[in-house]
Amino acid sequence: MSCEKAYITTPIYYVNDIAHIGHAYTTIIADTLARYSRLSGLDTYFLTGTDEHGQKIEEAAKSRGKSTQNYADEISATFKDLWDEFDISYDKFIRTTDMDHMKGVQKAFSVMHANGDIYKDTYKGHYCISCETFFPAIQLVDDEFCPECGKSTTVVEEESYFFKLSKYEKPLLDWYENNPDCILPRSKRNEVIRFVEGGLQDLSITRTSFDWGVKLPKEMNDPKHVMYVWLDALMNYVTALGYGTDDKDMDYWPARVQLIGKDILRFHAIYWPAFLMSLGLPLPKHIAAHGWWTRDGEKMSKSKGNVVNPREIADAYGLDNFRYFMLREVPFGGDGDFSQKALIDRINSDLGNDLGNLLNRLIGMSGKYFEGTVNSEHVATYYQNELDEVHASLEKLEPFIFEMQIHRYLEELWKPLTVANKAIDRYQPWTLMKEGKEEEAMALNGLIAAILAKVSVMLYPVMPEICTKISNALHFSIDNESWKKMIKSTTLLNTFVLEKIDPLFPRIEKPLLEQIEPIDQETEPKASKKPEIKENEKAQGVALIGIDQFFQTSLKIGTVVKAEEVPKSKKLLLLQVDIGEESPRQVVAGIKEWYTAADMLGTQVCVVANLKPAKLMGLKSEGMLLAAKDENGLCMIRPEQPKTVGTPIS
Ligand code: MSP
């Protein structure tokens, strides 16, 4: 008899970034679901991986002077290493550069095309490379900037294949309507419905202006196109199961839960089901969107240097404690704030006082009165009410997990611990022993051990290492057998001698990390790291740097030899600045509010000449001009007297 299947996925992570707390959060939730699902006897398949194609990755590799494949290999390995270190129980780690995956994507394209869902046209509009998303002009901020991330967009006009997304408007609305839990939390489903009701435009699904992507299938005979990175990436959820190649694990499809962050809901709740409908594949049971983490109340960003490094937190505070904190602290779907204080409070209070202390009390009681022996024979005789209360809580747990209410799952799971701690306070083993009620005292021991055992079975998916330690001390193993016995029925523990173990949650008095280091962004331009302000520099409000550091910046005198406006931009001028090199430097300067192109032509400026090139509105910028801005506006910084172009400024 084949048993029920549960396929659980995380998003695949872009390789332009090293894993941070947000990535760890998604992965840890998925790992918890996968562990629960295995524990409860489901045939489980857990997928994670990396998303490696697209313009963003190509540019990230280029700016670091690496080949795109080498760069993707390097960063993909950092994700895999972290998940291995974190003992994430994935069954497959997919990479979109895997040959099988690419074949599967091509197959999907062929099927959609054969079904009449793909046609060729021209795409005209804006593209945000950072979000890898097309935006119609009316959605832009200030006619130029991405409405999602605020970065400058690129104007794109190119031949493209389109997917008939508009055709799926009605079928999608029907799906949302008939499956109230297809998108969790339900409030997010309502957002999606409102969006789709506003009308869907067909989706451009190929690009021609770069080539780091999956080529179209051969029969299309159109080699200049590569697939849009989101079509490529979304397909990973089925290519991992063999779609388009050997179909080996396709019986795991449809997914039970697809975990994502709220920022990528639209791709998963609209494009993805529409693609699946076009392919004739069933739709996932749940798409579950979690909220975002901030740090000490502020949005995390690489430029602020406040991105939380999950490895550092897990090393300092313990991986399981970190897992518990993330899952307990925030209701699924809501945003959460990371602070060491909040983490310490959870460890000292929920884990230390309620759970760890209970185990210590059991070790104390059984050691003092029974040489460590725990016997459950008479528990039901003396403590049936307590047992009933505990089993009533345990019965409520399972639905919470697949409804993505993990914080409620943990809240409910703490009730048996309260029952246990209260029972000790109320029945007082020391009094029972004094009164010669030895059997009752031993039964109390058995009750506490049973509660600890049952809680550790259900807590295992969240805290696997700690719960294994508890179960070892209590002489049983956590697996589907013990889950059936202790959770699905009311079995207690066999007689055993309790192992003494060190306290699981030593009290933490003050933050263990003086400051949380920003992730060492090998992948980041070094210049974006803010120098740390030392104690003796604080009065001046800036960090002091050595003269060597100052000289790392190459500042030169330049003359503007050509100046024009950047079409459609309210802020940008496009300048050619002669700084004494073979050809002038192209500089895109955000000064149009204060200077016209004519104002700038022929004037001298101070140029930062060794900045990494950047792209603004699709235009390469090879330098930056010095300017000063106060409440009266902005003015350029210029030499007092004309100077030879290329003269260094020091
Ligand atoms: N590559 C796409 C996903 C393709 S799936 C077919 C992508 N990658 S990502 O690396 O940018 O983001 C991956 C996940 O990390 C997303 O679910 C996102 O929500 C999550 N997080 C990134 N930063 C986050 C926080 N600060 N907090 C919580 N999660 C966040 O998008």
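What counts, and where the lines are drawn
Position numbers for residues count from 1 along each chain, tracking the sequence in the order it is written. Given that the model is predicted, a residue must reach a pLDDT of at least 70 before its local features are reported, and side-chain atom pairs must reach 80 or more before they are shown or counted; all residues, however, enter totals for whole chains, interfaces and linings. Calculated side-chain values reflect all of the structure's heavy atoms, with hydrogen atoms and water omitted. Any residue with a heavy atom positioned within 4 Å of a molecule or strand is treated as near that molecule or strand. For the purposes of these results, a polar contact is taken to be a pair of N or O atoms within 3.5 Å, where, inside protein, one atom must be able to donate a hydrogen and its partner to accept one; residues adjacent in sequence count only when each atom of the pair is a side-chain atom. Residue burial considers only the protein chains on display, and all accessible areas are found by Shrake-Rupley using a 1.4 Å probe. A run of H or I in DSSP becomes a helix once it reaches four residues, and a run of E becomes a strand once it reaches two; helices and strands are each numbered from the N terminus. By this definition, two strands are paired if DSSP reports at least two bridges between them. The salt bridge criterion pairs a side-chain nitrogen of Lys or Arg with a carboxyl oxygen of Asp or Glu, the two atoms within 4 Å. Exposure is judged per residue with a 1.4 Å probe applied to protein chains only, and the accessible area is read against the type maximum: over 50% gives exposed, under 20% gives buried, and values in between give partly exposed. Seen with its strands pointing away from the viewer, a crossover is right-handed when the path leading from the first strand over the helix to the second is clockwise. Cavities and pockets are found on a 1 Å grid laid over the protein atoms alone: a cavity is a set of points where a 1.4 Å probe fits but cannot escape, a pocket is an open set with protein on both sides within 12 Å along at least five of seven lines, and a lining residue has an atom within 4 Å of such a point. Grid points are joined across faces, edges and corners, and a volume is the space filled by probe spheres set on the points. Under the scheme applied here, ten amino acids are nonpolar (Ala, Val, Leu, Ile, Met, Phe, Trp, Tyr, Cys and Pro), four are charged (Asp, Glu, Lys and Arg), and all others, including Gly, are polar. Note on aromatic contacts: the rings of Phe and Tyr and the six-membered ring of Trp form a pair at centre separations within 6.5 Å, being stacked when their planes are under 30 degrees apart, edge-to-face when over 60 apart, and tilted otherwise. For helices, the axis comes from a line fit to the C-alpha atoms of the stretch in contact; other axes are also lines fit to C-alpha atoms, and the angle between any two N-to-C directions lies between 0 and 180 degrees. Here the angle decides the label: under 35 degrees means roughly parallel, over 145 means roughly antiparallel, 65 to 115 means roughly perpendicular, and every other value means oblique. Take the far helix as your reference; a near helix turned counterclockwise from it by less than a right angle gives a left-handed crossing, and one turned clockwise gives a right-handed crossing. Contacts are assigned to residue pairs with any non-hydrogen atoms lying within 4.5 Å of each other. Given the number of residues in a helix, its expected span is that number minus one, multiplied by 1.5 Å. The angle between axes fitted to the seven residues ending at a residue and the seven residues starting there is what we call the bend at that residue. Side-chain atoms within 4.5 Å link the members of a nonpolar core, which is a set of buried Ala, Val, Leu, Ile, Met, Phe, Trp, Tyr and Cys residues.

Novice: Which residues make up the site of the ligand, and what are the values?
Specialist: Taken together, the neighbourhood of the ligand is formed by 23 residues, with Ile12, Asp51, Gly261, Asp263 and Trp293 sitting nearest. Separating an oxygen atom of the ligand from a side-chain N or O atom of Trp292 is a distance of 3.4 Å. Out of a free accessible area of 670 Å², the ligand has 93% covered by protein chains. Here the shell around the ligand gets three residues from one element, more than from any other, and that element is helix α7 (residues 229–234).

Novice: Go over the sheet that holds strand β20 (residues 573–578), please, and point to the residues and values.
Specialist: The strands making up a sheet associate through backbone hydrogen bonding, with each pair oriented either parallel or antiparallel. Strand order across the open sheet formed by five strands is β21-β20-β19-β22-β25, with antiparallel pairing between neighbours. The two strands at the open ends of the sheet, each matched to only one other strand, are β21 (585–589) and β25 (624–625).

Novice: Any details on the pattern of salt bridges? Residues and values, ideally.
Specialist: Counted according to the given criterion, the structure contains 36 salt bridges. The shortest N-O distance in the salt bridge between Arg256 and Glu4 comes to 3.2 Å. Of this pair, Arg256 sits in the loop between α8 (236–239) and β12 (257–261) while Glu4 sits in the segment before β1 (5–9); the two residues are 252 residues apart in sequence, bridging distant segments of the chain. On the basis of relative accessibility, which here comes to 16%, the residue Arg256 falls in the buried class. Across the pair Lys437 and Glu435 runs a salt bridge, and its minimum N-O distance is 3.1 Å. For Lys437, a relative accessible area of 38% puts it in the partly exposed group. Connected through salt bridges with shared partners, the residues Asp31, Arg35, Asp87 and Arg323 form a single ionic network.

Novice: Outline the pairing of β12, listing residues and values.
Specialist: Across the five residues of β12, five count as buried, placing the element largely inside the fold. Both faces of β12 are covered, namely the face carrying Val257, Leu259 and Gly261 and the face carrying Gln258 and Ile260. In terms of strand pairing, β1 meets β12 through two bridges, oriented parallel. By the bridge assignment, Thr9 is partnered in β12 with Gln258. Pairing geometry for β12 and strand β13 (residues 286–290), over five bridges, is parallel. Note on β13: the bridge partner recorded for Ile260 is Ala289. Following the chain from β12 across helix α9 (residues 265–279) to the adjacent parallel β13, one finds a crossover that is right-handed.

Novice: Now, about empty space enclosed by the protein: what can you tell me, with residues and values included?
Specialist: All told, the structure shown has two cavities of 30 Å³ or more when counted by the stated rule. The volume enclosed by the second largest cavity comes to roughly 40 Å³. Surrounding the second largest cavity, Tyr25, Ile29, Met326, Leu327, Val330, Phe332, Ile406 and His407 form its lining. Of all the elements in the fold, those that place two or more residues in the lining of the second largest cavity are α1 (21–39), α11 (319–329) and α14 (406–427). Within the lining of the second largest cavity, the residues separate by chemical class into seven nonpolar, one polar and no charged.

Novice: Can you explain the packing of aromatic side chains? Please cite residues and give values.
Specialist: Centre distance and the angle of the planes are the two values used to describe a pair of aromatic rings. The final tally for this structure, using the stated rule, is 30 aromatic pairs. Where Tyr25 meets Trp293, the ring centres are 5.4 Å apart and the plane angle is 85 degrees; that geometry is what we call edge-to-face. Of this pair, Tyr25 sits in helix α1 while Trp293 sits in strand β14 (residues 293–295); the two residues are 268 residues apart in sequence, bridging distant segments of the chain. Residue Tyr25 shares its accessibility class with Trp293, and that shared class is buried. The rings of Tyr7, Tyr45, Tyr237, Tyr252, Trp253 and Trp272 are connected pair by pair, giving a single aromatic cluster.

Novice: Lay out the packing of helix α12 (residues 340–370) against helix α16 (residues 438–459) in plain terms, naming residues and giving numbers.
Specialist: The contact between α12 and α16 brings their axes to 10 Å, and the two run at 150 degrees. Put simply, α12 runs roughly antiparallel to α16. Here α12 and α16 pass one another in a crossing that is left-handed. When α12 is examined against α16, the residues Leu355, Leu358, Leu359, Leu362, Met365, Ser366 and Phe370 are found in contact with a partner set consisting of Glu438, Ala441, Met442, Leu444, Asn445, Ile448, Ala449, Leu452 and Leu459. In terms of residue class, the contact of α12 with α16 is made up of 13 nonpolar, two polar and one charged.

Novice: So what about the sheet that holds strand β9 (residues 203–204)? Which residues, and what values?
Specialist: Spatial ordering of the open sheet is given by β6-β5-β7-β9, a layout of four strands whose pairing is antiparallel. Two strands bound the open sheet, and with one partner strand each, they are β6 (133–135) and β9. In the packing of α9 onto the sheet, the strands contacted are β6, β7 (154–163) and β9, and the crossing angle to β7 comes to about 35 degrees.

Novice: Account for α9, with residues named and values stated.
Specialist: Compared with an ideal rise of 1.5 Å per residue, which puts 15 residues at 21 Å, α9 spans 20 Å between its outermost C-alpha atoms and is within 8% of the ideal. Maximum bend of α9: about 30 degrees, positioned at Tyr271, with proline Pro273 one to four residues after it. Within α9, 13 of the 15 residues are buried, leaving the element largely enclosed by the surrounding structure. Positioned one or two residues after α9, Gly280 has a phi angle of 75 degrees, which is positive.

Novice: Any chance you could break down the nonpolar core for me, citing the residues and the numbers?
Specialist: Judged by nonpolar contacts, the single largest core of 193 residues is most densely connected at Trp253 and Leu474. Counting residues per element, this core draws most heavily on α16, which supplies 15 residues. Those residues in contact with Leu474 that lie beyond four places of it in its chain are Leu362, Ala449, Leu452, Ala453, Leu493, Phe496 and Leu498. Within the second largest apolar cluster, 18 residues are counted, among which are Leu573, Met600, Leu625 and Met636.

Novice: How would you explain unusual backbone geometry if you had to name every residue and give the values?
Specialist: Note that the residue after Leu184, namely Pro185, is joined by a cis bond; omega there is -10 degrees. Considering the arrangement of structural elements, one finds Pro185 in the loop between β8 (183–184) and α6 (186–197). Following Trp253, the chain continues into Pro254 via a peptide bond in cis, with omega recorded as 10 degrees. Within the secondary structure, Pro254 sits in the loop between α8 and β12. Located in the positive-phi region is Asp142, a residue other than glycine, with phi close to 55 degrees. Looking at the secondary structure, you find Asp142 in the loop between β6 and β7. The backbone of Asp296 shows a phi angle near 45 degrees, a positive value even though the residue is not glycine. Structurally, Asp296 is set in the loop between β14 and β15 (298–299).

Novice: Would you mind going over the side chain of His407 in detail, with residue names and values included?
Specialist: In this structure, His407 sits in helix α14. With residues near it in sequence (within four places) discarded, His407 still touches Leu327, Arg328, Val330, Pro331 and Phe332.

Novice: Please provide a residue-by-residue account of the environment of Lys615, values included.
Specialist: Tracing the chain through its elements places Lys615 in strand β23 (residues 614–616). The class of Lys615 is partly exposed, set by a relative accessible area of 48%. Put simply, Lys615 and Ile347 are 268 residues apart on the chain and 46 Å apart in space, counted from C-alpha to C-alpha. Aside from chain neighbours lying at most four places away, what touches Lys615 is Glu59 and Lys620.

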